[in-house]
Amino acid sequence: MKPEEIRCQNDLQLYNTLLKHRDVIKVNEMIARQEEKGPTGLRRHLLATSVSLSKGMAPSVHKMADECIETLEMDIPLELYVFPSPQFNAMCFKPEEGRLHVMFSSSLLEGFKDDELKFVIGHELGHHVYKHHDIPIGYLLKGQRPASPRLALELFAWSRYAEISADRAGAHCAQNLDAVARALFKLASGLTSDFVQFDLDDFLKQVSEMQIVDAEPGQGAPKQDWFSTHPFSPMRVKALELFDQSVMANGDTSKDDLEVAVQGVMSLMEPSYLEGKTKTAIHMRRLLFAASICVANASDGISAEEIKTFEEFFGKGEFDKNLNVEQLSATLDDRIKTAKEMASVPQRMQVLRDLCTMSRSSGRTTEPERDVMNDIADKLDVPRSFICQSLAQDVEPD
Ligand SMILES: [Zn+2]
């Protein structure tokens, strides 16, 4: 099975659309101009902060990496690095000077068994194989001119599907679903010791619970994870289990059926309410509409920049100059109340996350703006910490 054949369909689709996006093209041109001037210093930086793992030092890691390179039909010299950290982490960088650099945290190398590590290596190499670095998501979301809210949401959605593709590449290399699930469990829980008996079924149950979740905020799984560049771990395992049951691995589900099922799992993390026609979606939109105006109005009225952001979200011409902000503000509490009655916790969090995205892309979030957002979070029964996380999200792929 060639790596292109197992790539997640939604990753490929969103990737191709994003590559043609005006702002993505612009940032890529800027990066290319910088690279023309010489290497960005990545390799030097790695050599200064990490330890290069030679074949002599880490023969088993190199052997696994070589096997992954063969499975994924890659043709590029690889350099492996380790850096000291108690957090399980690995990352792969855009090639520099014709070489691909992959980094692991020390705890990951020590805490992961061979098959689990092979999944991690395959996952990282998958990002390279699928050219995920061609969408400079970090630059786009955190650069000098942050992406428009629409583009930001598309980038987040793409990024999660890109992780699904990378996971498939990793699973394809490891050829052991149990080891793969264990690796994701270790990444999610931070646990490696043997006294915790990993149970795949229990782990997967978490996904079905998420779909019916109505728990109080602060209970259970870290819900903020649902709204990040990475899919929540049990969802990743679920997506991999579906992959395992497809014709591309050990089962007989067709590729089309697989992609539909994966989309079903992932939809929980998608801002579909912006287009949705259900009553809940409409009330979520009504809330976002009023909330975004109130936040924008919180310091020095609504600026031209804020109107631009708003219209990028809701459509051109949607901001009415004659809009009575005070009248609209007076409806905010009612809108919050209705949304709280109709929308589930994850849905309410989605509105807040989008509110943060809007605030972030119109520039700095001021304190009065932050106060309004905190107030909305309180009334929606969503922890305030969720706002901090959404505003300061780390967006680099790993
Ligand atoms: Zn990744």
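Up top is the structure.
Keep in mind that this is a model prediction, so the values were computed, not measured.

A word on the pattern of salt bridges. When charged atoms on two side chains of opposite charge get close, those side chains can pair. Scanning all chains against the criterion turns up 19 salt bridges. In this structure, K55 and D66 form a salt bridge, with 3.6 Å as the shortest nitrogen-oxygen distance. A residue pair is termed long-range when its members are at least 10 positions apart, and K55 in the loop between β1 (51–52) and α5 (59–71) and D66 in helix α5 qualify at 11 residues. Take D66: its relative accessible area is 36%, and that puts it in the partly exposed class. For the salt bridge of K118 with E67, the shortest nitrogen-to-oxygen distance reads 2.7 Å.

Our focus in this paragraph is helix α3 (residues 22–36). Compared with an ideal rise of 1.5 Å per residue, which puts 15 residues at 21 Å, α3 spans 21 Å between its outermost C-alpha atoms and is within 8% of the ideal. All of the buried residues along α3 are D23, V24, V27 and I31. Here the buried residues of α3 occupy an arc of 100° about the axis, which is enough to place them on one side. Facing away from the buried side of α3 by over 90 degrees, the exposed positions are R22 and E36. Of the surrounding elements, those touching the buried residues of α3 are α2 (9–19), α8 (137–142) and α9 (149–174). Phi for G38, located one or two positions after α3, is positive at around 130°.

In terms of burial, strand β2 (residues 78–83) is a largely internal element, five of the six residues being buried. Here two bridges tie β1 to β2, and the two strands are oriented antiparallel to one another. Bridge pairing links V51 to V82 in β2. Two elements, β2 and strand β4 (residues 100–105), share six bridges in a ladder whose sense is parallel. Bridge pairing in β4 links Y81 to M103.

Definitions and cut-offs
Residues numbered from 1 in each chain as written. Predicted model: local features only at pLDDT ≥ 70, side-chain atom pairs only at ≥ 80, totals over all residues. Heavy atoms only, no water. Salt bridge = Lys/Arg side-chain N within 4 Å of Asp/Glu carboxyl O. Helix = DSSP H or I, 4+ residues; strand = E, 2+ residues; numbered from the N terminus. Buried < 20%, exposed > 50% of the residue type's maximum accessible area, 1.4 Å probe, protein only. Expected span 1.5 Å × (residues − 1). Arc of directions from axis to C-beta. Contact = heavy atoms within 4.5 Å. Pairing = 2+ DSSP bridges.

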